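Architecture at a glance
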Amino acid sequence: MGRGSVGRRVSRAARTGGGRAYSRRNTPWSWWTTMGLIVLLGVVLVGWSRHQRMAVLTAAAHGTPPTLGDHWHEAFVFDLCGTLEPNPPQNPNYATAGEHTHGDGNIHIEPIGASDTGKNATLGHFVQLYAGMGLSSTSVQYPGLAAYHNGQKCGSKPGYVQVEVWDSPTAKTGHLVKGNPADLLLKNGQLVTIAFLPKGSKIPKPPAQNIANLQQNMSAAAGSTKMTLPKTVTTVPASTKPVTPGQSTTPTSKAP
């Protein structure tokens, strides 16, 4: 290319001064298009996510009981080798636990999210939300004690995890839970005894005070859409049961 041609191009660029014609020819349209599509996609995804969340909450509020806004109760107790353990104290995380206790020997079933409602409201879910508590078809653990495992001796006989349920505070007879007791669906007014006993042992109901608390709580909840209980802090007395040799007595959680 001759010097004259280069000079003419430089002169033409100088005359335009980077004007509109030059800008239009050099605008990065592909970049702007890509950025626009990214922004649009982000808006769509945010809207879809919000729609899905609302759908889940709506199902939780109008689906299978217990639903959001329900306030159910059931009495419970741990029977470990024939010793009825004290009522576990209030959950440290009770404000964020849809199933919790207030140290009154009752499970308070107050769903605060979809994970607490319907078929998710199980005995295992309550146990999972309480630090140091455990339950399965083969083992059980009371807060502050070592876990008991099927076959471990209760006195001179092997013990096994057994859970018995009474359908109402006044029910005369109960029934053993078949399969994994953690899958037991919580129901309003039930009585539940979580036991580790030799097979064939008589499993007692929860203590009379726990049942009285259940009836009081049910009556209060029936007259109010939301019952607020005082924050109670109780201490779990030390267990008087002999410890199986080799079994740790170090608490797995500290009472609030």
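Residues numbered from 1 in each chain as written. Predicted model: local features only at pLDDT ≥ 70, side-chain atom pairs only at ≥ 80, totals over all residues. Heavy atoms only, no water.

As a further point, take the overall build of the protein chain. Tallying secondary structure elements over the protein chain gives 5 helices and 12 strands in all. The buried share of the protein chain, reckoned over its 256 residues, is 38%. When the accessible surface of the protein chain is totalled, it reaches about 14,900 Å², and 59% of it is carbon and sulfur. (Helix = DSSP H or I, 4+ residues; strand = E, 2+ residues; numbered from the N terminus. Buried < 20%, exposed > 50% of the residue type's maximum accessible area, 1.4 Å probe, protein only. Areas by Shrake-Rupley, 256 points an atom, 1.4 Å probe, with all protein chains shown as cover.)

Let's shift gears to the packing of aromatic side chains. Within a pair of aromatic rings, the relevant descriptors are the distance that separates the centres and the angle that separates the planes. For the coordinates displayed, the defined rule picks out 4 aromatic pairs. Both rings, one in F76 and one in F78, keep their centres 6.4 Å apart while their planes meet at 75°; by these two values the pair is edge-to-face. For the pair F76 and F78, a shared accessibility class is recorded, and that class is buried. Residues Y148 and F196 carry aromatic rings whose centres are separated by 5.2 Å and whose planes lie at 50° to one another, so their mutual orientation is tilted. One end of the pair, Y148, is in strand 7 (residues 148–149); the other, F196, is in strand 12 (residues 191–197), and 48 residues separate them in sequence. (Phe/Tyr/Trp six-rings, centres within 6.5 Å; stacked < 30°, edge-to-face > 60°.)

A separate point is helix 5 (residues 208–222). Three or four residues apart is the spacing at which side chains of an α-helix point the same way, because the helix has 3.6 residues per turn. Taking 1.5 Å per residue as the helical rise, helix 5 with its 15 residues ought to reach 21 Å, and the 21 Å between its terminal C-alpha atoms agrees with that figure. For helix 5, every residue scored as buried is listed here: N210, I211, N213, L214, N217 and A221. Looking straight down helix 5, one finds that the buried residues subtend no more than 155° of arc, so they occupy a single side. What points out from helix 5, more than 90 degrees from its buried face, is the exposed set A208, Q216, S219 and A222. Residues of helix 5 that are buried make contact with strand 1 (72–80), strand 4 (106–109) and strand 12. (Expected span 1.5 Å × (residues − 1). Arc of directions from axis to C-beta. Contact = heavy atoms within 4.5 Å.)

Here P65 and P66 are connected by a cis peptide whose omega angle stands at 0°. Here P66 shows up in the loop between helix 3 (29–62) and strand 1. Despite not being glycine, C81 has its phi angle at roughly 55°, a positive value. The residue C81 is located in the loop between strand 1 and strand 2 (83–84) in this model.

This paragraph deals with the state of the cysteines. A full pass over the atoms with the stated rule returns 1 disulfide. A disulfide bridge connects C81 with C154, and the sulfur atoms are separated by 1.9 Å. Here the S-S torsion is close to -75°, and the disulfide linking C81 with C154 is therefore left-handed. Of this pair, C81 sits in the loop between strand 1 and strand 2 while C154 sits in strand 8 (residues 153–154), and the two are 73 residues apart along the sequence. C154 sits in the buried class, given a relative accessible area of 11%. (Disulfide = S-S within 2.5 Å.)

In this section: the pairing of strand 4. Where a strand is regular, its side chains alternate between the two sheet faces. A two-sided burial pattern is seen for strand 4, the buried positions comprising N106 and H108 on one face and I107 and I109 on the other. Inspection of the sheet shows strand 3 (residues 99–100) paired to strand 4 by 2 bridges, in the antiparallel sense. Bridge assignment links E99 to a residue of strand 4, and that residue is I109. Between strand 3 and strand 4, which pair antiparallel and follow one another directly, the connecting turn spans 5 residues, one of which, G103, has a positive phi of 80°. (Pairing = 2+ DSSP bridges.)

Among the nonpolar cores identified, the biggest contains 26 residues, and L123, L135, V140, V163, V192 and I194 are the most heavily contacted of them. Every element with two or more residues in this core is listed here: strand 1, strand 4, helix 4 (123–128), strand 10 (160–166) and strand 12. The greatest single-element share of this core, amounting to 4 residues, is contributed by strand 1. Sequence-distant contacts of V163, that is, excluding residues within four places in its chain, are made with L123, L135, H175, L176, V177, P181, V192, T193 and I194. Formed by 6 residues, the second largest nonpolar core is a distinct cluster that contains A75, W166, L191 and L214. (Core = buried A, V, L, I, M, F, W, Y, C linked by side-chain atoms within 4.5 Å.)

Across a sheet, paired strands are connected by hydrogen bonds in the backbone, their directions being either parallel or antiparallel. Taken together, the 3 strands give an open sheet; going across it, the order is 5-6-7, and neighbouring strands pair in antiparallel fashion. Every interior strand has two partners, whereas the edge strands, strand 5 (134–135) and strand 7, have only one. The sheet contact formed by strand 6 (residues 139–141) and strand 7 spans 2 bridges and is antiparallel. Directly across from V140, in strand 7, lies its bridge partner Y148.

Let's shift gears to the side chain of Q162. Within the secondary structure, Q162 sits in strand 10. The class for Q162 is buried, based on a relative accessible area of 12%. Within the structure, the side chain of Q162 is placed 3.5 Å from the backbone oxygen of P198, a separation counted as a polar contact. For Q162, the contacting residues outside a window of four places in its chain are L176, T193, I194, A195, L197, P198, K199 and I203. (Polar contact = N/O pair within 3.5 Å; in protein donor to acceptor, adjacent residues only side chain to side chain.)

Without other data, these values stay purely geometric and don't point to any function.
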